[in-house]
Amino acid sequence: MKHIIKKPEPESFLNWKYTDVKVRRGNAKWSRLSGAKRASIKQELLESLCKEQGYICCYCESKLIKKPCGQNDFHIEHIISQNEAFKNNRPELIFDYNNLLCSCQCNQSEDEDHQCGMSKGNWHSDDMVTPLQSDCETRFRYTKFGKIKPLDKDDKGAQETIEKLNLNAPILVSFRLALMNYMYYSNSEILKRTTDDRIKLEYRSKDERKNKFNLVQKIPINTFFAGTFILGAYNPFDL
Ligand SMILES: [Zn+2]
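Every chain is numbered independently, its residues counted from 1 as its sequence is written. Reporting in this predicted model follows two pLDDT cut-offs: at least 70 for local features of residues, and 80 or more for side-chain atom pairs to be given and counted; totals over whole chains, interfaces and linings ignore these cut-offs and use all residues.

So, the overall build of the protein
Inference 1: Secondary structure elements follow DSSP: runs of H or I of four or more residues count as helices, runs of E of two or more count as strands, with numbering from the N terminus. Along its length, the protein carries nine helices and six strands.
Inference 2: Residue burial is a threshold on neighbouring C-beta atoms within 10 Å of the residue's own C-beta, all placed from the backbone, with 20 or more meaning buried, 12 or fewer meaning exposed, and counts in between meaning partly exposed. For the protein, with 239 residues in total, the buried portion stands at 28%.
Inference 3: For every residue pair, C-beta atoms are placed from the backbone, and the pair is scored as a contact if these atoms sit within 7 Å. Looking at the protein alone, contacts between residues at least 24 apart form 66% of all its contacts between residues at least 6 apart.

Below you can see the structure in the form of structure tokens.
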């Protein structure tokens, strides 16, 4: 899980929240943002969330993609769901930019594996590991078989997060394995950056390719190898 640093919310979204009576009263549902009239506000919000995450899923780090039909295969995700927000008498969370992320998958059918936000649904726990926590990257490790596990086996929050978000869905495990194979068998940039006891992963988000690397991660090689961490930039199927 990659740490996400929130940036300022889009002005159009902010302005709409200030002017919409229902939102101001705290009795508007998320669907208030739907419909043709607000389509451009929602689109700008979505683009802002995708950009600050580097165009990867907030939980599994898979690249955000479109379905073959052209529809987005990702959605705006509430860390604390709308149901939970109303239940806890905190309706302001529904449109709080700091409660919003972008997760992979959208409108999955019943027979498809659900993962990340689609699997999480309304679940929330104070122990949940979220990408907004600065230590989230050090709470997990990856096995050589492509599975994600808590770095500390007694970390119940990390374990529950893996289970509730279904981060070991077969498709995610196979992506990780494909990425590991790519790293093993190619003379890639990533391997050249490997040092004795640490693997250093560097990548740029799509819109920052011309600038300096925007993130440098140093991770103990014994506790972490590959994973989906860099799928957004080094998706083996794109190369
Ligand atoms: Zn995901």
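The discussion continues.
Some words on the nonpolar core
If you look at soluble globular proteins, the nonpolar side chains tend to sit buried side by side.
Inference 1: What we call a nonpolar core is a set of buried Ala, Val, Leu, Ile, Met, Phe, Trp, Tyr and Cys residues whose membership is set by joining through C-beta atoms within 7 Å. Counting residues in each nonpolar core, the largest one holds 29 residues, and the members touching the most others are Cys 57, Tyr 59, Cys 60, Leu 64, Cys 102, Cys 116 and Leu 167.
Inference 2: Of all the secondary structure elements, the ones that give two or more residues to this core are helix H3 (39–52), strand E2 (100–104), helix H5 (116–120), strand E3 (140–142), helix H6 (156–164) and helix H7 (170–185).
Inference 3: With four residues, E2 is the single largest residue contributor to this core.
Inference 4: When sequence neighbours within four positions are dropped, the list of residues in contact with Cys 57 reads Ser 62, Leu 64, Phe 74, Ser 103, Cys 104 and Cys 116.

Structural notes on the confidence of the model for the protein
Inference 1: pLDDT expresses how confident the predictor is about each individual residue, on a scale running from 0 to 100. On average, residues of the protein carry a pLDDT of 79, and 75% of them reach 70 or more.
Inference 2: Per-element averaging of pLDDT across the protein places strand E6 (residues 215–220) at the bottom with 33 and H6 at the top with 97.
Inference 3: Of the regions scoring below 50 in pLDDT, residues 191–239 engages in 79 contacts with residues more than four places distant in sequence or in other chains.

Quick look at H6
Inference 1: When we look at burial in H6, the residues that qualify are Ala 158, Thr 161 and Ile 162. What you see down the axis of H6 is that its buried residues fit within an arc of 100°, all on one side. Across H6 from its buried face, at more than 90 degrees, point the exposed residues Lys 156 and Glu 163.
Inference 2: Summarising the contacts, the buried residues of H6 are in contact with E3 and strand E4 (148–150). Directions are taken from the helix axis to each C-beta atom, and the arc is the one they span.

Concerning the environment of Asn 99
Inference 1: When you line up the elements, Asn 99 lands in the loop between helix H4 (82–87) and E2.
Inference 2: Between the C-alpha atom of Asn 99 and that of Ile 80, which follows or precedes it by 19 residues, the distance is 6.6 Å.
Inference 3: Setting aside chain neighbours within four positions, we find Asn 99 in contact with His 78, Ile 79, Ile 80 and Leu 93.

A closer look at the pairing of E2
Inference 1: Taking burial as the measure, the five residues of E2 include five buried ones, the bulk of the element.
Inference 2: Residues Leu 100, Cys 102 and Cys 104 line one face of E2 and the alternating positions Leu 101 and Ser 103 line the opposite face, and both faces are buried.

Examining the packing of helix H1 (residues 11–19) against H3
Two measures define how a pair of helices packs: the angle their axes make with one another and the distance between the axes.
Inference 1: In the contact formed by H1 and H3, the axes pass within 8 Å of each other and the chain directions differ by 130°. One way to sum up the angle between H1 and H3 is to call them oblique. Of the two possible hands of crossing, H1 and H3 adopt the one that is left-handed. Contacts from Ser 12, Phe 13 and Trp 16 in H1 reach Ile 41, Glu 44 and Leu 45 in H3. In this analysis, axes come from line fits to C-alpha atoms, helices being fitted only over the stretch in contact, and the angle between any two N-to-C directions falls in the range 0 to 180 degrees. Orientation is classified from the angle alone, with under 35 degrees giving roughly parallel, over 145 giving roughly antiparallel, 65 to 115 giving roughly perpendicular, and any other angle giving oblique. The handedness criterion is simple: a crossing whose near helix is rotated anticlockwise from the far helix by less than a right angle is left-handed, and one whose near helix is rotated clockwise is right-handed.

Some thoughts on the environment of Leu 177
Inference 1: Topologically, Leu 177 is positioned in helix H7.
Inference 2: Residue classification places Leu 177 among the partly exposed positions, given that 15 C-beta atoms sit within 10 Å.
Inference 3: Sequence-wise, Leu 177 and Phe 145 are 32 residues apart; in three dimensions their C-alpha atoms are separated by 6.7 Å.

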